[in-house]
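# An overview of the molecular structure
Each chain, written out:
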Amino acid sequence: SVNEVLKSDADIVCFQEFYKLRKTGRSRINQEQIDSLKEKYPYIVEAKGIDVMALSKYPMEHIPDSICKDRKKRRHESYRINIGDEVITLINVHLTSFNLQNEQLDLVENIIENNVDTLSREVTDSVYVKLTKAFKQRAEVAERLRCHMDTIEGNVIVCGDFNDDYMEEDERILIVLEAI
């Protein structure tokens, strides 16, 4: 949550599923939080057409991706951050979700846990279609990301929402980047 970010005092923050620092009906952010974030993080890069953004205490600029200009297909944004004499490249990723409902997730987990070699009869076409579509999109995004990363020199950090539906809620970790 935004309050956790503010308490963490991180030097760099990446958001996913967040278009702009503004109060909207969908966002769970109030004006006081927005003002606090803007005060703490003078460098803010909001993406156009993709739901990621980054905030930094250090000078930061957007790096255009010359490999894939279609942001909806790219699913990542890159930033160059100057920390003293060091320059790092930060890539903020938001991978496609599998869009599985809880029952479908339980079914897939059951198949994995029981080492079933063939698809269970319980696996409906909808689960197969969703997984096939999501894996294809993820593979395409990963390929474009790899091509983009090959054009970057120096230190690179990749972070974001990888939409791992198998991770338990209490296993998710807030990653805080602090400049040295």
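For the structure, see preceding data.
A few points on the structure. Since the model is a prediction, treat every value here as computed from it, not as a measurement. (Residues numbered from 1 in each chain as written. Predicted model: local features only at pLDDT ≥ 70, side-chain atom pairs only at ≥ 80, totals over all residues. Heavy atoms only, no water.)

## Here we look at the overall build of the chain
For the chain, the count of helices and strands is five helices and seven strands. Put simply, the chain runs from its N terminus to its C terminus through helices and strands in the order α-β-α-β-β-β-α-β-β-α-α-β. In the chain, 63% of the contacts between residues at least 6 apart in sequence involve partners at least 24 apart. For the chain, the accessible area works out to roughly 11700 Å², and carbon and sulfur atoms hold 48% of it. (Helix = DSSP H or I, 4+ residues; strand = E, 2+ residues; numbered from the N terminus. Contact = heavy atoms within 4.5 Å. Areas by Shrake-Rupley, 256 points an atom, 1.4 Å probe, with all protein chains shown as cover.)

## With respect to the sheet that holds strand 4 (residues 60-63)
Across the sheet, which stays open at both edges, the four strands sit in the order 4-5-6-7 with mixed pairing between neighbours. In the strand order of this sheet, the two ends are held by strand 4 and strand 7 (155-161), each with one partner. Averaged over all pairs of adjacent strands, the angle between their axes in this sheet comes to 25°, without regard to strand direction. Bridge count for strand 6 (residues 86-94) against strand 7 is seven bridges, and the pairing is parallel. Residue pairing for strand 7: Leu90 is matched across the bridge by Ile157. (Pairing = 2+ DSSP bridges. Axes fitted to C-alpha atoms, helices over the stretch in contact; angles between N-to-C directions.)

## Regarding the pattern of salt bridges
Tallied over the full model, the rule gives six salt bridges. Here Asp9 and Lys57 are joined by a salt bridge, their closest N and O atoms 2.7 Å apart. Of the two residues, Asp9 sits in the loop between helix 1 (2-8) and strand 1 (12-16) while Lys57 sits in the loop between strand 3 (52-56) and strand 4, which places them 48 residues apart along the sequence. Taking the relative accessible area as the measure of exposure, Asp9 reaches 39% and is therefore partly exposed. Each of the salt bridges in this network shares a partner with another, and the network as a whole consists of Asp9, Asp11, Lys40 and Lys57. (Salt bridge = Lys/Arg side-chain N within 4 Å of Asp/Glu carboxyl O. Buried < 20%, exposed > 50% of the residue type's maximum accessible area, 1.4 Å probe, protein only.)

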